[in-house]
2 protein chains.
Amino acid sequence: MTLYGGIESGGTKWVCAVGSGPDDVVARTSFPTTQPEETLGRALAFFRQQPEIAALGIGSFGPVDVHRDSPTWGFVTTTPKPGWTNIDVGGVMQRALGVPVAFDTDVNAAALGEQRWGAAQQLDTFFYLTIGTGIGGGVMGNGRLLHGLLHSELGHMRIPHDRAVDPYPGACPYHGDCLEGLAAGPALESRWAQRGETLPPDHPAWTLEAHYLALALVNLICILSPQRIILGGGVMQQPQLFPLLQREVQALLNGYLQVPALLDAIETYLVPPALGDRSGMLGAIALAQEVARS
Amino acid sequence: MTLYGGIESGGTKWVCAVGSGPDDVVARTSFPTTQPEETLGRALAFFRQQPEIAALGIGSFGPVDVHRDSPTWGFVTTTPKPGWTNIDVGGVMQRALGVPVAFDTDVNAAALGEQRWGAAQQLDTFFYLTIGTGIGGGVMGNGRLLHGLLHSELGHMRIPHDRAVDPYPGACPYHGDCLEGLAAGPALESRWAQRGETLPPDHPAWTLEAHYLALALVNLICILSPQRIILGGGVMQQPQLFPLLQREVQALLNGYLQVPALLDAIETYLVPPALGDRSGMLGAIALAQEVARS
């Protein structure tokens, strides 16, 4: 069995694994994202103790440079995360391990993982959206991840915000009340003065949260016409959110798009990731498999 | 020279042409969109008088059914346009003319035309947005038009609407103040009680219009990461709009996406269609060429 390495390099923690698919992960470790040198060093030390890998895939927090022909390919670029601006991740790992390296965003990796082994098998146009400490997403269009100019930054779209209903100004340092500024975990906590997971299921916080997320999903539906929508991340662990969201998306679309997936089967259209919290890590392994084949 | 037929079947008028590219249009006609039977009859009469075509491409107003294996392929479906709900256009033309027919939205055809001969040559991920009587757009992702569930409906995304600044409630019969409801030609006319083209270039209408359109472009940039943006339609004939829009997009992004196309070269990133008002008609011919090859 050929083995591949995968790194889900998030802003909070890194997950490193060796394997070839969901049922064949032979080694795995995770550690907090500290300073770059230490974090990269821990990842390298892990892979050096493992059986040989044919290639490495990295799904990174961003923004990142994913263009192969760019001098800063493999870099984390303009992240607000202290110490991580313009840090080479892909190149460092490639030189140190001597194997081909694929480098993409963590959320693009998760989308790829879900397509290979999860909730988006056989689909060519869909997206994975994660709602947690931040909001981000990976988009597959016509069978490949979208990388036109850069990569998707789904958390930073603008949505209607009625300040009479919700005076919270938004938490995004760049845009204030963009989607992430209104609906990510820190916005929930700051608006209601308690952590999201401590709010009861019938708290009005969840109706408002579903409203903001549904506005974003409507925009994504109008723009991408996706075959399915996969929603992950810590905030989506609240089981009451899926039905609220499904109803609110239908209410906002108001029958404009007459397709059965939206009208009659929305509970199989808006779904959680089939790989649970392993979409990103397994997607990184899928990235490695792609670069090994190319 | 192999000749192809193209129909840009808009909600206001149909343009029919025979040719093989921008410099080889050998015949062309246009007529108003009246009732289906009459309109389809005029198109058929035109093509029957022309030299033989190898295939026909149709870029239609929508929503339409573009899925080949669907029983209603080639239909205009839930359009609010009187008389045109659930009308077979593609199948009727295919049976009457006996040639392969490609059927897509008018705006997808325009995007394809711009890729083949216009402002998006060599690009694989971009979109064409038209702002006129309605707002619609065609999206190319990884080299092909997006057709995941249906097709893009860019005019119906939701954007922030500050009713203290702009109390106009929006004109969309489905969504009120969606993008089209706030920023298409009829909204301009209704909000300012005069037709858009009669408003002077320094009228505050244009700053507000640029703001709404820029919010939509920011969402499209965050979701698609397009390599270029092509903006057409009657409203974009106002020359003051392009610079207003370019500045407003930069202001709204606020430096978050550190790419030269957005920071330093936005005047070559947000551009008008290179084919002028022929993008849709020529794109229909490009659709015909694709179906003839397949």
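Keep in mind that what you see is a predicted model, and the values were worked out from it rather than measured. (Residues numbered from 1 in each chain as written. Chains lettered and ligands numbered in written order. Predicted model: local features only at pLDDT ≥ 70, side-chain atom pairs only at ≥ 80, totals over all residues. Heavy atoms only, no water.)

Participant: What should I look at first to understand the overall build of chain A in this one?
Facilitator: Within chain A one finds nine helices and twelve strands. In terms of C-alpha radius of gyration, chain A reaches 19 Å, essentially the compact-globule figure of 19 Å for 294 residues. When its C-alpha atoms are laid out on the principal axes, chain A stretches across 55 × 40 × 35 Å. Burial statistics for chain A: of 294 residues in total, 61% are counted as buried. The long-range fraction of contacts in chain A, counting pairs at least 24 apart against all pairs at least 6 apart in sequence, stands at 62%. Roughly 11100 Å² of accessible area belongs to chain A as shown, and the carbon and sulfur atoms make up 51% of that amount. Charge-centre separation for chain A: the mean point of 17 positive side chains lies 4 Å from the mean point of 27 negative side chains. (Helix = DSSP H or I, 4+ residues; strand = E, 2+ residues; numbered from the N terminus. Rg over C-alpha atoms; globule rule 2.2 N^0.38 Å. Buried < 20%, exposed > 50% of the residue type's maximum accessible area, 1.4 Å probe, protein only. Contact = heavy atoms within 4.5 Å. Areas by Shrake-Rupley, 256 points an atom, 1.4 Å probe, with all protein chains shown as cover. Lys, Arg positive; Asp, Glu negative; His and termini not counted. Charge placed at Lys NZ, Arg CZ, Asp CG, Glu CD.)

Participant: Would you explain the relation of the copies chain B and chain A in this entry?
Facilitator: Each copy of the chain is related to the other by a rotation around an axis and a translation along that axis. Overlaying chain B with chain A gives an RMSD of 0.0 Å, the required rotation being 180° about an axis along which the chain moves by 0.0 Å. Taken together, the rotation angle and the small translation identify this as a two-fold axis. Across chain B, the rotation axis passes nearest the C-alpha of Pro-160 of chain B, at a separation of 1.9 Å. Taken as a fraction of all interface residues of chain B, those also at the interface in chain A reach 100%, which identifies the copy contact as same-surface. (Least-squares fit on C-alpha atoms with pLDDT ≥ 70 in both.)

Participant: In this structure, what is going on with the sheet that holds strand 2 (residues 13-19) of chain B? I would like to understand it.
Facilitator: Residue and element names in this part refer to chain B. Spatial strand order, 3-2-1-4-7: five strands in an open sheet with mixed pairing. Two strands bound the open sheet, and with one partner strand each, they are strand 3 (25-32) and strand 7 (101-105). Pairwise comparison of adjacent strand axes, ignoring direction, gives a mean angle of 15° for this sheet. Where strand 1 (residues 4-9) meets strand 2, six bridges bridge the pair, whose relative direction is antiparallel. Within strand 2, the residue paired with Tyr-4 across the bridge is Gly-19. Relative to the sheet, helix 9 (residues 279-293) contacts strand 1, strand 2, strand 3, strand 4 (56-60) and strand 7, its axis offset from that of strand 1 by approximately 135°. (Pairing = 2+ DSSP bridges. Axes fitted to C-alpha atoms, helices over the stretch in contact; angles between N-to-C directions.)

Participant: I'm lost on the pairing of strand 3 (residues 25-32) of chain A in this one. Help?
Facilitator: As a general feature of sheets, a regular strand has side chains that alternate between the two faces. Residues and elements named next belong to chain A. Bridge count between strand 2 (residues 13-19) and strand 3: seven bridges; the pairing is antiparallel. In the sheet register, Val-18 faces strand 3, and the bridge partner there is Ala-27. Where strand 2 hands over to strand 3, the hairpin turn is made up of five residues, counted between the paired strands.

Participant: Sorry, what's going on with the domain arrangement of chain A here?
Facilitator: Quite often, the size of an interface is put as the accessible area lost when its parts meet. Residues and elements named next belong to chain A. You can read the domains of chain A as domain 1 (4-106 + 276-293) and domain 2 (119-271). A separation of 26 Å is found between the C-alpha centroids of domain 1 and domain 2. On inspection of domain 1 and its partner domain 2, the count reaches zero salt bridges. The tally of links from domain 1 across to domain 2 stands at three residue pairs in polar contact (both at pLDDT 80 or more). For the side of domain 1 that touches domain 2, a count of residues per class yields three nonpolar, four polar and one charged. (Domains from an automatic or database assignment. Salt bridge = Lys/Arg side-chain N within 4 Å of Asp/Glu carboxyl O. Polar contact = N/O pair within 3.5 Å; in protein donor to acceptor, adjacent residues only side chain to side chain. Nonpolar A, V, L, I, M, F, W, Y, C, P; charged D, E, K, R; others polar.)

Participant: It is not clear to me how the packing of helix 6 (residues 204-224) of chain A against helix 6 (residues 204-224) of chain B should be interpreted in this structure. Could you clarify?
Facilitator: For any two helices packed against each other, one specifies the inter-axial angle together with the distance between the axes. One way to put it is that helix 6 of chain A packs onto helix 6 of chain B with a least axis distance of 11 Å and a crossing angle of 75°. Judged by the inter-axis angle, helix 6 of chain A sits roughly perpendicular to helix 6 of chain B. Across the interface between the two elements, Asn-219, Leu-220, Ile-223 and Leu-224 of chain A from helix 6 of chain A touch Asn-219, Leu-220, Ile-223 and Leu-224 of chain B from helix 6 of chain B. Here the residues of the contact of helix 6 of chain A with helix 6 of chain B sort into six nonpolar, two polar and no charged. (Parallel < 35°, antiparallel > 145°, perpendicular 65-115°, else oblique.)

Participant: Even after reading the chapter, I still don't get the interface of chain B and chain A, so can you show me in this structure?
Facilitator: Listed by partner, the interface residues are 44 residues for chain B and 44 residues for chain A. The contact between chain B and chain A buries some 4100 Å² in all, and 62% of this surface belongs to carbon and sulfur atoms. The three residues of chain B that bury the most area against chain A are Leu-149, Ile-223 and Tyr-256 of chain B, which together make up 21% of that side's buried surface. Connecting chain B to chain A are zero salt bridges. Across the chain B-chain A interface, the total number found is 28 residue pairs in polar contact (both at pLDDT 80 or more). Broken down by secondary-structure element, the contributors of at least two residues to the side of chain B that touches chain A are strand 9 (135-141), strand 10 (144-145), helix 6, helix 7 (241-253) and helix 8 (260-263) of chain B. Broken down by element, the side of chain B that touches chain A gets its largest block of residues, seven residues, from helix 6 of chain B. (Buried area = accessible area lost by both parts, 1.4 Å probe.)

Participant: Sorry if this is basic, but what is going on with the sheet that holds strand 2 of chain A here?
Facilitator: Paired through backbone hydrogen bonds, the strands of a sheet run either parallel or antiparallel to each other. Residue and element names in this part refer to chain A. The mixed open sheet is built from five strands, whose spatial order is 3-2-1-4-7. Bordering the open sheet on either side are strand 3 and strand 7 (101-105), each of which pairs with just one other strand. Each strand axis lies, on average, 15° off the axis of its neighbour in the sheet, ignoring direction. Helix 1 (residues 36-48) rests against strand 1 (4-9), strand 2, strand 3 and strand 4 (56-60) of the sheet, and its axis sits at about 15° to strand 2.

Participant: Can you help me understand the packing of helix 5 (residues 185-192) of chain B against helix 6 of chain B in this one?
Facilitator: Residue and element names in this part refer to chain B. Packing of helix 5 against helix 6 leaves a shortest axis separation of 12 Å and a crossing angle of 140°. What the angle tells us is that helix 5 and helix 6 run oblique. Helix 6 is crossed by helix 5, and the crossing has right-handed handedness. For the pair helix 5 and helix 6, contact is made by Leu-188, Arg-191 and Trp-192 and by Pro-204, Ala-205, Trp-206, Leu-208, Glu-209 and Tyr-212, respectively. A class-by-class count of the residues in the contact of helix 5 with helix 6 yields seven nonpolar, no polar and two charged. (Left-handed = near helix turned anticlockwise from the far one by under 90°.)

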